[in-house]
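Here are the chains, one letter per residue:
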Amino acid sequence: MSNTPLEILFERVSKSFSRPGGGPAFEAVRDLSFSVGRGELVAILGKTGCGKSTTFNLISGLIRPSAGRVAVQGHDPYADFAWFRGKIGIVFQNDRLMPWRTAIENVALGLELNKVPPAQRLEIAASWLARLGLSGHANDYPHALSGGMRQRVSVARAFAGKPDILLCDEPFSALDEHTGNALRQEFRNLLQETGATSIFITHSIDEALWFSARLMVFERPARIAYETTLAPETSEADRAAVRDRIRKVLSGEG
Ligand SMILES: Nc1ncnc2c1ncn2[C@@H]1O[C@H](COP(=O)(O)OP(=O)(O)OP(=O)(O)O)[C@@H](O)[C@H]1O
Ligand SMILES: [Mg+2]
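The rules behind the values
- Residues numbered from 1 in each chain as written.
- Chains lettered and ligands numbered in written order.
- Predicted model: local features only at pLDDT ≥ 70, side-chain atom pairs only at ≥ 80, totals over all residues.
- Heavy atoms only, no water.
- Salt bridge = Lys/Arg side-chain N within 4 Å of Asp/Glu carboxyl O.
- Helix = DSSP H or I, 4+ residues; strand = E, 2+ residues; numbered from the N terminus.
- Buried < 20%, exposed > 50% of the residue type's maximum accessible area, 1.4 Å probe, protein only.
- Pairing = 2+ DSSP bridges.
- Axes fitted to C-alpha atoms, helices over the stretch in contact; angles between N-to-C directions.
- Contact = heavy atoms within 4.5 Å.
- Near = heavy atom within 4 Å.
- Polar contact = N/O pair within 3.5 Å; in protein donor to acceptor, adjacent residues only side chain to side chain.
- Areas by Shrake-Rupley, 256 points an atom, 1.4 Å probe, with all protein chains shown as cover.
- Nonpolar A, V, L, I, M, F, W, Y, C, P; charged D, E, K, R; others polar.

**Details of the pattern of salt bridges**
Link 1 in the chain: All told, the structure shown has 14 salt bridges when counted by the stated rule.
Link 2 in the chain: With a closest N to O distance of 3.1 Å, Glu-40 and Arg-214 form a salt bridge. Pair noted here: Glu-40 is in the loop between β2 (26-37) and β3 (41-46) and Arg-214 is in strand β8 (residues 214-219), with a separation of 174 residues, a long-range link. The burial state of Glu-40 is the same as that of Arg-214; both residues are buried.
Link 3 in the chain: Between Arg-223 and Glu-219 there is a salt bridge, with the nearest N and O atoms lying 3.7 Å from each other.
Link 4 in the chain: One salt-bridge network, held together by shared partners, links Glu-40, Arg-214 and Glu-227.

**Side note on the sheet that holds strand β7 (residues 197-201)**
Link 1 in the chain: Taken together, 6 strands build an open sheet; the order of strands is β5-β6-β7-β3-β8-β9 and the sheet is mixed. Both outer strands of the open sheet, β5 (88-91) and β9 (223-229), are each paired with one neighbouring strand and no more. Adjacent strand axes in the sheet meet at a mean angle of 20 degrees, parallel and antiparallel pairs treated alike.
Link 2 in the chain: The strands that helix α5 (residues 147-160) touches are β5 and β6 (165-169); relative to β5, the one it contacts most, it runs at about 175 degrees.
Link 3 in the chain: Across the sheet, helix α8 (residues 236-250) touches β3, β8 and β9, and the angle it forms with β9 is around 175 degrees.

**Details of the pairing of β7**
Link 1 in the chain: Burial of β7 is extensive: 5 of the 5 residues sit out of reach of the surface.
Link 2 in the chain: Residues Thr-197, Ile-199 and Ile-201 of β7 are buried on one face, and the alternating residues Ser-198 and Phe-200, pointing to the opposite face, are buried as well.
Link 3 in the chain: Here β3 runs beside β7; their pairing, made up of 4 bridges, is parallel. For Leu-41, the partnering residue across the bridge sits in β7 and is Ser-198.

**Description of the site of ligand 1**
Link 1 in the chain: Residues in contact with ligand 1, as listed here, are Phe-17, Phe-26, Ala-28, Lys-47, Thr-48, Gly-49, Cys-50, Gly-51, Lys-52, Ser-53, Thr-54 and His-203.
Link 2 in the chain: A distance of 3.2 Å separates an oxygen atom of ligand 1 from a polar backbone atom of Cys-50.
Link 3 in the chain: The fraction of the free accessible surface of ligand 1 (640 Å²) that becomes covered by protein chains is 60%.
Link 4 in the chain: If you list the elements that add at least two residues to the shell around ligand 1, you get β2 and α1 (52-59).
Link 5 in the chain: By residue number, the principal contributor to the shell around ligand 1 is α1, which donates 3 residues.
Link 6 in the chain: Among the residues making up the shell around ligand 1, the classes are represented as 4 nonpolar, 6 polar and 2 charged.

Bear in mind that shape data such as this cannot, by itself, settle questions of function.
Here's what the structure looks like:
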């Protein structure tokens, strides 16, 4: 980590939401500090409502902290929102494709926003669809695709813009085991190839362990209750201990 350039920095970040009609503000993130180096893969686990998606919204500059500082590549993602165009790709739990656009037009969307010329963006989009095994479906609309295929389109869309950072909010949780595993494997290959920094929200301890990543477990309001790092060579016994510890933390005994 120490010789890797810093990509994402949270310094004592808190985020409260005011409630309609007044009353005490709702605290979604409390005094959260962490940093992520370029090319790192970090999995975030935590119970529903503990502020994981809010953390993503802070990284992508959709909201700004109530206190503390968020820096991404040294910039403030909220204040410098335009500077970040194309630098951050997001894969959501449900694919969020535009129903009126074909698969290839959906993949080309980010390139269009980045003003890549039409012929070139269709070429790039087609190559990403091919990469994800969807060449035959380029001109299909989302409603004609299966859930797994739609999720492949959204992974293609995220990578097509060549983002430095990929934020993934439970991207594979709605897929059956076989489809999910295939896409997970492909996703990991793509991350390695592109060198993108990735933060990955999941509710599955096994998925987080499979990625052999750095793991952060959040408690509510969002802050780090437990953190560890796994390597491909981490032993089965150590993995079992980590799995156990995470279960305890998630159930509030940790
Ligand atoms: N814009 C908002 N206004 C008010 N409250 C919000 C807003 N966004 C999030 N919250 C609240 O902040 C808390 C954290 O929400 P968040 O979506 O970050 O949780 P999460 O960890 O992603 O949960 P899940 O696992 O269910 O997706 C929730 O209680 C939610 O209601
Ligand atoms: Mg969420």
